[in-house]
Structures are given as structure tokens and as C-alpha cells.
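# Breakdown of the fold
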Amino acid sequence: MYMQRAIELARRGWYTARPNPRVGCVIVAGSRVLGDGWHVRAGEAHAERNALADVTARGHSAKGATAYVTLEPCAHTGRTPPCTQALIDAGIERVVIGAQDPNPAVDGQGIDALRAAGLDVITGVLAERCAALNAGFNQRMTRNRPWVRVKLAMSLDGRTAAADGTSQWITGDTARDDVHRLRAESGAVMIGRGTASADDPALTVRLSGDWDQPLRVVLDSRLAMAADARMFCQAGETLIFTASDDEDKTGALEDAGARVARVGGSDTGLDLGRVLGLLAEREINDVLVEAGPTLAGALTQAGLVDEYIIYVAPQLIGDTGRGLMSLAGAIGLDDATRLTFDNVEPVGVDLKITARPLKEG
């Protein structure tokens, strides 16, 4: 009950906590909630300290109370002081933890610090639900790469554009608003140079209210992107990965407001694993890929996609339309890339399918 409430609190930082994990905390005495809180933004107080401040604001004392927290409290000084010490100093007697923090700076040290101070610590309560709050952060900490979502939109017969290349708009307004929410929860939005040239997208969050803009990432191995691209006029940063060492093109793009980073490449394109590693170094937890069939297929064949989000529109385009993804064809069904559906739901007039690669074994 109280851990579920902490999970719901953590979700309030869904769009704002990055690159930090989303965390919620509830402080309880008996069956009475004394205070609660969540982590809002990196550099600001963590969930435990916000919950303790809420206890004080309500006129209570946390002495002898139990703290339910979705993620192991930190025991080190980062942007903020350690939460373990705050809990200890407040007189908390018991800490119930959802998921262990995979950050090497924490990873069990918070639990050890609390127990060493004499607190009763219980771990693994609703652990899977708590871990699911931070799939991208967890992957960045354990595998040094972000969580990669590939977003695709297609007709019911699997086409992403008509024969003349038109694709705006296959899906309806509700689905497009949903994509903006996906952008808002992502640290970066990635496209290939083909999509940049064909669509000249802004790649911004365009929802009502004030939103942090994700990093815009373009993979352009030959540095052929136009210096007057629409995204260069938007709020936020644009980062172009390339294998080209053309100084004139680099200078023109950087003068337009982009940053250019060089990575290794081959005839088939850039080193995608290295690109994701460099994004992890920039503390990017989640990457939303809004690319065409070439980049989507390359990421799939490289085994770098963690989740597919596919919007299916109730229309038929036909055989002359463009396919969903460029993949080497499976000779037999045993060679097919297998997925598991996480969710299928209506979004306006369209369907939204969420699927993950099926893990072997």
C-alpha cells in the first residue's frame, strides 16, 4: 500500500527528474502517513529529503517512523548530500526499499550505511514495479548505454509512406500528441540524415505548458545535413554524429548552432554502439528514435533496440508504399526477429502497440 503510493509519487517526476532516477518516498508511523515527497529535478532535493521536509511542514516528527522509498537511498555526496544520513538524523527506525540502486556510487552502500547505523532495512518490496520507473537509468548504469525506443507509424498494411514519399499524416492528432509526450520523457530524440532531409523536423516537445526539450541527435555519416535546417532555430541542443572530417561543413553546422561529434563508421553507416555509448556519457537515459526504415532496421539488426512503439492507422496504402523497416529478410520463420507485446491500446482513431525483443531462454 505505502510502496505503491511511493511509486505514484515517483511518477510525478517522470518528465523532470532526468538524468537522475525517478524516486518517491512515504514516511509512516503506524497507519498514519506523516509526510511524502518525490525527486523533482536533478540538483534539487531527493525524494527522502522532500518527504522529511513534508513531515516537518505538517508539524510531525519522523522519530521512530518507517520510510518507504522506491529506490535505495544514496550514501554519497553528489549534487546533494547523502539521503541515508538525513534518514538517520531524523530518527527513522525502519526503511523499506523497492529497488536497489545500480549506480556504482550507491549499489548496496546505502543499505549498508542504514544497517550500520542500526536501522531496520527491508528490501525488494514491489521491486519490479520500482525498477520499471527507471529502465533507462538502470541500463545506463549497468550497460553504459541508454534505453532505446524506436517509434514507428504505419498503415494497417505496414506502410510508412505512400509511393510519392508523403507520410504526413498517417496517424491522427491524438497519436501525434502521444509522441510529444514520448519526446518529453526522453533525454534525446534521434533521427538519421535521410529523415532530416525529407521531413526537416523540429524534434521539439509541442505540448501546452513549459517543457524541457530533449537533445536532438542526427546521424549523418557524410555531414550532408543542411545548415538551415529547422531544428537549428528551436530551443534546446542539436548534436550531429558523423564520420566526416570536412572542416568546412563542420564549421557551417556549428555556426548554425549544432555540435558535431565524430565517430567511427563503415560502408553500412556509423558505429551505433559507440553513438549510444557517447550519449550515455552525456547522462542520457532514454533515446527516442523517430527515424526512417534504414536507421530503424540498422538498430534492430545490431540488437540495440529495447522497445518498439508502433502506431497503426486504420488505412491501407498498398504495395507501392514504403515498408516499415529495412531488414535482411528472414529465410525462414526461425530466422525472424521475435517480439513480445507489452501493450496494445487505442489512441484516438489509431492503435498503439508497445513491444520488446523476445529474450532467448
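Residues numbered from 1 in each chain as written. Predicted model: local features only at pLDDT ≥ 70, side-chain atom pairs only at ≥ 80, totals over all residues. Heavy atoms only, no water.

Before going further, it helps to spend a moment on empty space enclosed by the protein. With the rule as written, the count across this model stands at one cavity of 30 Å³ or more. Counted as a void, the largest cavity has a volume near 60 Å³. Lining the largest cavity are Arg18, Asn20, Pro21, Arg22, Asn134, Ala135, Gly136, Phe137, Asn285 and Asp286. Across the lining of the largest cavity, the residue classes break down as three nonpolar, four polar and three charged. (1 Å grid on protein atoms, 1.4 Å probe; cavity = no way out; pocket = protein on both sides within 12 Å on 5 of 7 lines; lining within 4 Å. Points joined across faces, edges and corners; volume = space filled by probe spheres on them. Nonpolar A, V, L, I, M, F, W, Y, C, P; charged D, E, K, R; others polar.)

As annotated in UniProt, the feature "binding site: substrate" (unreviewed entry) corresponds to Ser167, Arg183, Leu203, Arg206 and Glu290 in the numbering used here. Lining of the largest pocket among the annotated residues: Ser167, Arg183, Leu203, Arg206 and Glu290. The contact partners of Arg206, leaving out residues within four places of it in the chain, are His180 and Arg183. (UniProt positions renumbered as here; feature names shortened; annotations may be inferred. Contact = heavy atoms within 4.5 Å.)

With that settled, the discussion passes to helix 10 (residues 272-281). For an α-helix the count is 3.6 residues per turn, leaving residues at separations of three or four pointing the same way. With seven of ten residues buried, helix 10 lies mostly within the body of the structure. When we look at burial in helix 10, the residues that qualify are Leu272, Val275, Leu276, Gly277, Leu278, Leu279 and Ala280. For helix 10, the N-terminal cap is Asp271; the gap from its side-chain oxygen to the backbone nitrogen of Gly273 is 3.2 Å. A positive backbone phi angle near 65° is found at Glu283, which sits one or two residues after helix 10. (Buried < 20%, exposed > 50% of the residue type's maximum accessible area, 1.4 Å probe, protein only. Helix = DSSP H or I, 4+ residues; strand = E, 2+ residues; numbered from the N terminus. Polar contact = N/O pair within 3.5 Å; in protein donor to acceptor, adjacent residues only side chain to side chain.)

Take the layout of surface pockets next. Of the pockets and cavities examined, the largest pocket occupies roughly 1600 Å³. Lining the largest pocket are 50 residues, and of these Gly194, Thr195, Glu290, Ala291 and Gly292 lie nearest its centre. Of the residues contributing to the lining of the largest pocket, the split by class is 22 nonpolar, 16 polar and twelve charged. Approximately 640 Å³ is the volume found for the second largest pocket. Lining the second largest pocket are 23 residues, with Arg143, Val305, Asp306, Pro357 and Lys359 sitting closest to its centre. Contributions of two or more residues to the lining of the second largest pocket are made by helix 5 (127-132), helix 6 (135-143) and strand 18 (350-357). Of the residues belonging to the lining of the second largest pocket, the class tally is ten nonpolar, six polar and seven charged. Taken domain by domain, the lining of the second largest pocket gets at least three of its residues from each of domain 1 (1-137) and domain 2 (145-357). (Domains from an automatic or database assignment.)

The five strands are arranged 2-1-3-4-5 in an open sheet whose pairing can be described as mixed. Each of the sheet's edge strands pairs with one partner strand only, and the pair in question is strand 2 (32-38) and strand 5 (120-122). Across the sheet, the mean angle separating the axes of adjacent strands is 15° when strand polarity is ignored. Along the sheet, helix 1 (residues 2-10) makes contact with strand 1 (24-29), strand 2, strand 3 (66-71) and strand 4 (94-99), crossing strand 1 at roughly 145°. (Pairing = 2+ DSSP bridges. Axes fitted to C-alpha atoms, helices over the stretch in contact; angles between N-to-C directions.)

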